[in-house]
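# Coordinate inspection notes
The chain contents come next:
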Amino acid sequence: METLKRALRKSSPEKFRLLTDLVETSIDGTRDIFVNRPLNMSQIHYIGFDMDYTLAIYNKHAIEELAFVITLEKLVELKSYPAEIMELTYHDDRIIRGLLIDYQKGNLIKINRFKQVCRVQHGTQDLETSVYFNDKIDQSDPLRFSSVDTLFSLPEAYLYVLLVDLVENKVLNDRSYTQIYEDIRYCIDMTHRDGSLKSDILRDIGKYVYKDPHLSLTLDKLRESDKKLFLLTNSEYYYTDMIMEYLLDTDSLHYSSWRDYFEIVIVNARKPGFFKENTPFYRVDEVTHEETLMDEASFDRKGIYSKGNYIAFEKLIQAKGNEVLYIGDHIFGDVMRSDKDSNWRTVLVVQELEDELSVTAEVREKYQRLRRLSNKWDKLHYELHIFSSQLNTLQNLELSLRELTPAESKALEKTREELEEGIKRCHKEMEKTETKVHNLRQEISSQYHPVWGPLFHDGDEISRFGDQVRDYASLYTSRVSNFFFYPIDRYYKSLRDIMPHDRWLELSN
Ligand SMILES: [Mg+2]
């Protein structure tokens with residue numbers, strides 16, 4: 001750190017001030033790194049990064065709107081959709097990650113980890129979850145569901161719900177829900193394949209890509225601790241080069257080019273195929289961008305490579321799987337596949353985490369109130385059980401005692417009235433408490449998102465997205481530069497994993 005401080009003080013007072021700020025100001029909790037599985041960073045020798053939405057944080061509204069508009073244009077041009085769809089406008093706050101598109105029914109659904117449907121929209125209209133009563137949700141069924149896994153998928157999901165509305169309004173009544181989905185997919189793929197989205201981004205990178213001021217400092221810190229860095233992205237070289245140059249070249253303290261940060265650069269990696277197929281590596285000519293099949297003997301650490309697979313990669317760098325950490329934003333392509341197929345450790349970047357945690361901080365008091373109401377309901381329920389049992393006992397006693405004195409009858413009657421009164425009071429109070437709980441739950445949920453609620457939960461359950469994050473990522477955090485605030489060789493320890501009966505112990509203490 002002292003070396004870095006000295007270098008900065010000399011070369012750039014502005015960066016020196018930034019560094020001092022970073023060191024002296026602790027970040028708030030929204031940028032913490034969270035641990036699902038223990039990870040000892042001292043055993044990690046290679047750290048790999050995805051680029052899009054990982055190193056490169058995109059300006060959410062600008063890029064999603066761009067993808068939305070280009071796709072609309074392609075729907076009109078290539079799929080003969082009526083020109084009036086061009087009047088549709090994009091709102092970046094209508095869809096969250098982790099939803100499923102049910103393109104047989106034209107719905108968007110949120111499910112929890114038990115595959116129960118928690119929320120449904122048909123087009124932009126809310127539906128009761130009962131429409132999925134007894135419907136087994138097989139999220140892996142490619143003929144019915146598509147998952148909104150990445151931030152790149154948000155515009156297509158929003159476009160889908162708007163077009164379903166147009167089907168219902170008879171503007172697109174000659175197209176089925178499935179047809180619309182397939183048309184959108186085709187056009188979105190085309191915007192990526194023909195380079196139209198990327199060329200617009202590159203024309204005005206500053207509009208679309210957020211330049212994280214702490215990114216280069218973080219990579220410097222990792223390299224200073226002898227970690228070897230590599231880039232593994234699905235983007236093509238020409239695009240990667242320009243984005244990385246924008247992110248790092250002018251910020252670099254020690255290096256003349258972004259390339260100097262990375263031992264190896266792999267573009268066009270075709271993840272998740274990189275983790276499960278046996279595609280060979282190609283060498284990329286940096287000037288012509290031509291790709292030639294790579295001869296392993298010619299592998300050098302500063303080369304640019306394309307495609308490939310993780311087994312050959314481990315052989316080339318001579319590292320074992322658990323010595324490699326990979327950081328990406330795509331739950332399926334970056335984290336799930338690398339966890340299942342390779343032995344790489346993983347970090348999931350969840351950009352939404354900062355907003356999600358800020359809301360959690362805002363609603364903390366409401367959560368406490370909710371817990372108190374829930375405890376009150378439990379207590380009332382228990383009281384009700386006692387009153388009902390006593391009333392039952394009393395009735396049995398009445399039947400078994402043949403003759404009662406007037407005084408006994410009076411006492412018995414009084415007790416019965418008291419118990420009935422108690423039962424009535426419990427029912428009334430429970431009903432009132434249930435209404436309060438329901439309203440408070442709604443209030444909390446809509447603070448996260450008015451339609452879909454929190455990203456990682458639904459009610460008391462963990463959402464499908466939360467479940468996947470917990471199952472597949474060793475660590476998760478909102479952005480790569482959060483590593484700057486931790487010791488590089490930190491042993492990330494998970495919280496003690498508890499079972500429901502452990503909670504009883506905790507509560508009784
Ligand atoms: Mg990505």
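Everything numeric here is computed off the predicted structure, so don't read it as measured data. (Residues numbered from 1 in each chain as written. Predicted model: local features only at pLDDT ≥ 70, side-chain atom pairs only at ≥ 80, totals over all residues. Heavy atoms only, no water.)

## Here's the deal with empty space enclosed by the protein
Taken as a whole and judged by the stated rule, the model has one cavity of 30 Å³ or more. Its volume calculated, the largest cavity comes out at about 30 Å³. In terms of lining residues, the largest cavity is bounded by I96, R97, G98, L99, K110, I111, L455, S463, R464 and F465. Mapped by element, the contributors of at least two residues to the lining of the largest cavity are β6 (107-111) and α16 (464-472). Residue composition of the lining of the largest cavity, grouped by class: five nonpolar, two polar and three charged. (1 Å grid on protein atoms, 1.4 Å probe; cavity = no way out; pocket = protein on both sides within 12 Å on 5 of 7 lines; lining within 4 Å. Points joined across faces, edges and corners; volume = space filled by probe spheres on them. Helix = DSSP H or I, 4+ residues; strand = E, 2+ residues; numbered from the N terminus. Nonpolar A, V, L, I, M, F, W, Y, C, P; charged D, E, K, R; others polar.)

## Some remarks on the sheet that holds strand β17 (residues 345-349)
Read across the open sheet, the ten strands follow the order β1-β20-β17-β16-β3-β11-β12-β15-β13-β14; overall the sheet is mixed. The open sheet has two free edges, formed respectively by β1 (34-35) and β14 (291-293), since each of these has just one partner strand. Where strand β3 (residues 46-49) meets strand β16 (residues 324-328), four bridges bridge the pair, whose relative direction is parallel. In the strand pairing of β16, Y46 is matched with V324. (Pairing = 2+ DSSP bridges.)

## Digging into the coordination of the magnesium ion
Of the protein atoms, only D50 (OD), D52 (O) and D329 (OD) coordinate the magnesium ion, at distances of 2.1 to 2.2 Å. Of note, the magnesium ion draws all its donor residues from one chain, in the sequence arrangement D-x1-D-x276-D. With D52 in the loop between β3 and β4 (57-58) and D329 in the loop between β16 and α12 (331-341), the pair connects residues that are 277 residues apart, well separated along the chain. One exposure class covers both D52 and D329, and it is buried. (Donors = N, O, S within 2.8 Å, 3.2 Å for Na, K, Ca; no water. Buried < 20%, exposed > 50% of the residue type's maximum accessible area, 1.4 Å probe, protein only.)

## Some details on the domain arrangement of the protein
Partitioning the protein into domains gives domain 1 (33-50 + 208-352), domain 2 (60-194) and domain 3 (362-454). Computed over C-alpha atoms, the centres of domain 1 and domain 3 are 58 Å apart. (Domains from an automatic or database assignment.)

## So, the side chain of R464
Mapped onto the secondary structure, R464 falls in helix α16. Buried charge R464 goes without a salt bridge, the closest partner of opposite sign being D149 at 4.1 Å. Here the side chain of R464 touches Q139 through a polar contact of 2.3 Å, side chain to side chain. Setting aside residues up to four positions removed in sequence, R464 forms contacts with G98, L99, L100, I111, N112, R113, Q139, S147 and D149. (Lys, Arg positive; Asp, Glu negative; His and termini not counted. Salt bridge = Lys/Arg side-chain N within 4 Å of Asp/Glu carboxyl O. Polar contact = N/O pair within 3.5 Å; in protein donor to acceptor, adjacent residues only side chain to side chain. Contact = heavy atoms within 4.5 Å.)

## A short note on the packing of aromatic side chains
Taken as a whole, this structure holds 32 aromatic pairs when the rule is applied. With a centroid separation of 5.3 Å and an interplanar angle of 90 degrees, the aromatic rings of F275 and W344 are classed as edge-to-face. Linking F275 in helix α10 (residues 273-276) with W344 in the loop between α12 and β17, this pair joins segments that are 69 residues apart in sequence. Across the pair, exposure class does not vary: F275 and W344 are buried alike. Among the aromatic residues, those joined into a cluster by ring pairs are F230, F274, F275, F281, Y305, Y310, F313, Y326 and W344. Between K211 and the ring centre of Y246, over which it is positioned, the NZ or CZ distance is 5.0 Å. Sitting over the ring of F484, K221 keeps its end group 4.9 Å from the ring centre. (Phe/Tyr/Trp six-rings, centres within 6.5 Å; stacked < 30°, edge-to-face > 60°. Lys NZ or Arg CZ within 6 Å of the ring centre and 35° of its normal.)

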